[in-house]
Amino acid sequence: MLREHVGSLEQLSILLHLHGEGTSPCTAAALTTSLNISADLAEEALAGLLAGGLVRKEGSGVAALWFGASTGTGLETMARLKRTYREHPVVILQLLSSYAIERVRTSAHRAFADAFIIRKGDRRG
């Protein structure tokens, strides 16, 4: 779940917070206050979580955000993640860090390989 859907500590914090709220809606502004993160980081994290289907948005204007994994498997996975983070936070943070490093390396490899692609009409050198 972490590797595929959670790319930052902010995303993890939002997920854990919303999972703890159960059926109560939460606004983006309330998240920034509760989690002590900037509005920009919160918006970026929420965009990723919304795209991944882990959080859903209801209503217009100021959004009510709900934890999105409504299936039994999703809720069970989230409960396990929450328990693991509570008992072994360093392990979860190390995983998030290693996944971030892996994404940076993959991106760098892709950029390096793309530098050698010869495109039609490219007259450099």
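To be clear, the structure that these remarks concern was listed above.
As the structure is a computational prediction, the values presented were derived from the model and not from experiment.

Novice: Describe the packing of aromatic side chains, with residues and values.
Specialist: Applying the stated criterion to the full structure yields 1 aromatic pair. Seen in terms of ring centroids, Phe-112 and Phe-116 are 5.1 Å apart; in terms of plane orientation they differ by 75 degrees. Their pairing is edge-to-face. Here Phe-112 matches Phe-116 in class, with each residue exposed.

Novice: Explain helix H6 (residues 89-114) to me, using residue names and the numbers behind them.
Specialist: Across its 26 residues, H6 extends 38 Å between first and last C-alpha, which sits within 8% of the 38 Å expected from 1.5 Å per residue. Of all the residues in H6, the buried ones are Ile-92, Leu-96 and Tyr-99.

Novice: Give a description of helix H4 (residues 39-52) that names residues and reports values.
Specialist: The periodicity of an α-helix, 3.6 residues per turn, causes residues three or four positions apart to be oriented the same way. In a regular helix each residue adds 1.5 Å, so 14 residues correspond to 20 Å; H4 covers 20 Å between its end C-alpha atoms and thus fits that length. Every buried residue of H4 is accounted for by Ala-42, Ala-45, Leu-46 and Leu-49. Buried positions in H4, seen along its axis, are confined to an arc of 100 degrees and lie on one side of it. Along H4, the residues that are exposed and aim more than 90 degrees away from the buried face are Asp-40, Glu-43, Glu-44 and Ala-51. Two residues or fewer past H4, Gly-53 is found with a positive phi of approximately 80 degrees.

What counts, and at which threshold
- Residues numbered from 1 in each chain as written.
- Predicted model: local features only at pLDDT ≥ 70, side-chain atom pairs only at ≥ 80, totals over all residues.
- Heavy atoms only, no water.
- Phe/Tyr/Trp six-rings, centres within 6.5 Å; stacked < 30°, edge-to-face > 60°.
- Buried < 20%, exposed > 50% of the residue type's maximum accessible area, 1.4 Å probe, protein only.
- Helix = DSSP H or I, 4+ residues; strand = E, 2+ residues; numbered from the N terminus.
- Expected span 1.5 Å × (residues − 1).
- Arc of directions from axis to C-beta.

Geometry only, nothing functional implied.
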